[in-house]
Amino acid sequence: MDDKTPRTPAPSPTDEHANSSEVGATALQPTNFKVLIIGAGVAGLSAANHLLQNGCNNFCILEARGRIGGRIVSIPMAKHKVELGANWIHGVLGNPIFEIAVQHGLVSVVNIPKPHKIIATTEDGLQVPFSILQEIYEAYVCFLRRCDEYFLCQYSPPPDINSVGEHINYEIQIYLNTLDDPKEKHLKQLIFNCLLKRETCITGCHDMNEIDLLELGSYTELQGGNIVLPAGYSSILRPLTAEICKQSIITKCPVKKIHWKRKKTLTGLDTVDEGSECEQDSDDSEKTVTEFPIAGSITSTTVNNSPSRGGSAESDCNDDYPIQVTCEDGSIFKAEHVICTVPLGVLKQNHKTLFDPELPHYKQEAIEHLMFGTVDKIYLEYDRPFLNADISEVMLLWDDDKYDLNASSNAELDSSNDYLSKNWFKKIYSFAKVTDTLLLGWISGREAEYMETLDDEVVADKCTEILRIFLQDPCVPKPKKCVCTSWKSQMFTKGSYTSIPVGALQEDIENLAQPLYASSQALKPAVVFAGEHTHSNFYSTVHGAYLSGRTAAQSLLGKEEPNEIILESDGSDLSAWIQGIALD
């Protein structure tokens, strides 16, 4: 996979740090829409734009946060824009996000890479010769590429090897067994361990032993490297919202319930009880049009009246708007269709209560099978530079046999608070320069979740201690400011991005993306899903989220839409081809 440490993390410390791109709505806002879009992240904004470009402006976006952008959020720090969430545009060729950025002058088409000098040091201050570092890195990349090939070539791995971590460690041991010098062997093992920690941040997991070997290659890497937006990743939100009416986005409006399958009654519409025999407008009590079984008996839910925006449960039900969405504040909206871009982490926690009726079993299983890992960032801001000007990154070669990311570890021990309190910081694999006075560290998995419980001051003290040890310099200053992200704690994300763990399949992502139809006669779906977790090749990326939103909107456009023939290609036939779209 590309060097996308992380590909798409999520916002953090708290939403006070968020972009000021707040959008509101008045209490007199209409409550009936052709399309309701849940979430104003990239997937939701992409869907809205595609609807607009095809002549449909009868939609509303409901966003839980007080800002738009989802897992894209930039904040000023050390006179610089830093990313709490998505960090890079991953790839150029066929990447719609890159095309939008170029079109609006947000990135230079001439990318001149900055000098990049990495030093790797052990806990006793030994600096590894660059030639050794390069040798191990090249070997590691070769091992990782071989893992990709199992998906692409469909051949079988060695016996009893099911995960990426197991396979890479298998290759590492073969590689190290050719060495005679135990000190050299140990040093090279430490470098491999560091690279595997880095890989957990790229992939979005706690341990590479969690990632399914046969499915790793399902992620498609776009060529062109990682591109930084000089004005911050949040600058991409301007073109994505330029055409959307401000009144069409309601912020601070978390959705509580989506009543997506309802039957006609004498007084209007009511939520279907899948266990009853009196469903009158559908004969698909046994299956959806996608021929998957539907979840068990669900009874209708009573909703509170709301004096604020939106209607109330007492409102007249309209057959033209069969879907009813209830928000946490009691507001009620009705729609013909819903595009749900709720992150996988939130679906994992809330899907049983969010949808009424419950999601079909196959979709619930997909949500449970897929992984939504935690990856966090640690920004350290200083009054003055202290690293040599030519050093761009310090790799930390932790030497602790009890803390072995790669061996089969005791899961109970790893997750215990006592263990994590003493070892969480050993998951930080490097500190990289953002500027001369700003450093960035990455951390993943259970250690990241534990870090989120700590005060920033505690994290700053520990990072200072780490740098003093590895640089063998007791004069390394304490940062004047420390900002840590908290993606797992964020209630509207509950993690960072999607990966495929052992036992899960690319098919789980495809199942998660399957639309829901209210009846077998319905020509268009009632609920469509979008977000990075629904793109089977570009999961965990911003461009995956963007393309999924576009696909979701397209599925709702029909003959009544005069411009339905338009299919936005963002100037790239390749990006459309990747989506499986037939071009004239």
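Calculation criteria
- Residues numbered from 1 in each chain as written.
- Predicted model: local features only at pLDDT ≥ 70, side-chain atom pairs only at ≥ 80, totals over all residues.
- Heavy atoms only, no water.
- Helix = DSSP H or I, 4+ residues; strand = E, 2+ residues; numbered from the N terminus.
- Buried < 20%, exposed > 50% of the residue type's maximum accessible area, 1.4 Å probe, protein only.
- Pairing = 2+ DSSP bridges.
- Axes fitted to C-alpha atoms, helices over the stretch in contact; angles between N-to-C directions.
- Contact = heavy atoms within 4.5 Å.

Peer 1: Just to check I follow, could you spell out the environment of asparagine 511 for this structure?
Peer 2: Relative to the assigned elements, asparagine 511 resides in helix α13 (residues 506–513). On the accessibility criterion, asparagine 511 (10% relative accessible area) is buried. The spacing of asparagine 511 and serine 536 is 25 residues in sequence and 9.6 Å in space, taken between C-alpha atoms.

Peer 1: Is there a simple way to explain the sheet that holds strand β18 (residues 430–435) in this structure?
Peer 2: Neighbouring strands of a sheet are bound in pairs by backbone hydrogen bonds; such pairs are parallel or else antiparallel. As summarised here, the arrangement of the six strands in space is β6-β17-β18-β19-β16-β20, forming an open sheet in which the pairing is mixed. The open sheet has two edge strands with one neighbour each: β6 (118–122) and β20 (481–484). Ignoring which end each strand starts from, the neighbouring axes of this sheet average 20 degrees apart. Relative to strand β17 (residues 393–397), β6 runs parallel, the two being bridged by five bridges. What sits directly across from threonine 122, in β17, is leucine 397. Sheet contacts for helix α5 (residues 182–203): β6, β16 (375–381), β17 and β19 (438–444); angle to β17, the most-contacted strand, approximately 115 degrees.

Peer 1: Sorry if this is basic, but what is going on with the side chain of asparagine 95 here?
Peer 2: With respect to the element layout, asparagine 95 can be found in the loop between β5 (89–90) and α2 (96–103). Its relative accessible area of 0% is what places asparagine 95 among the buried residues. Excluding residues that lie within four positions of it along the chain, asparagine 95 makes contacts with Ile89, His90, Leu222 and His543.

Peer 1: I keep staring at the environment of tyrosine 175 and nothing clicks. Help me out?
Peer 2: One can find tyrosine 175 in helix α4 (residues 164–176). Taking the C-alpha atoms as reference points, tyrosine 175 and glutamine 189, 14 residues apart in sequence, are found 9.9 Å from one another. Excluding its chain neighbours within four sequence positions, the residues that come into contact with tyrosine 175 are Glu135, Ile136, Ala139, Phe143 and Phe192.

Note that all results are geometric; they support no functional claim without further evidence.
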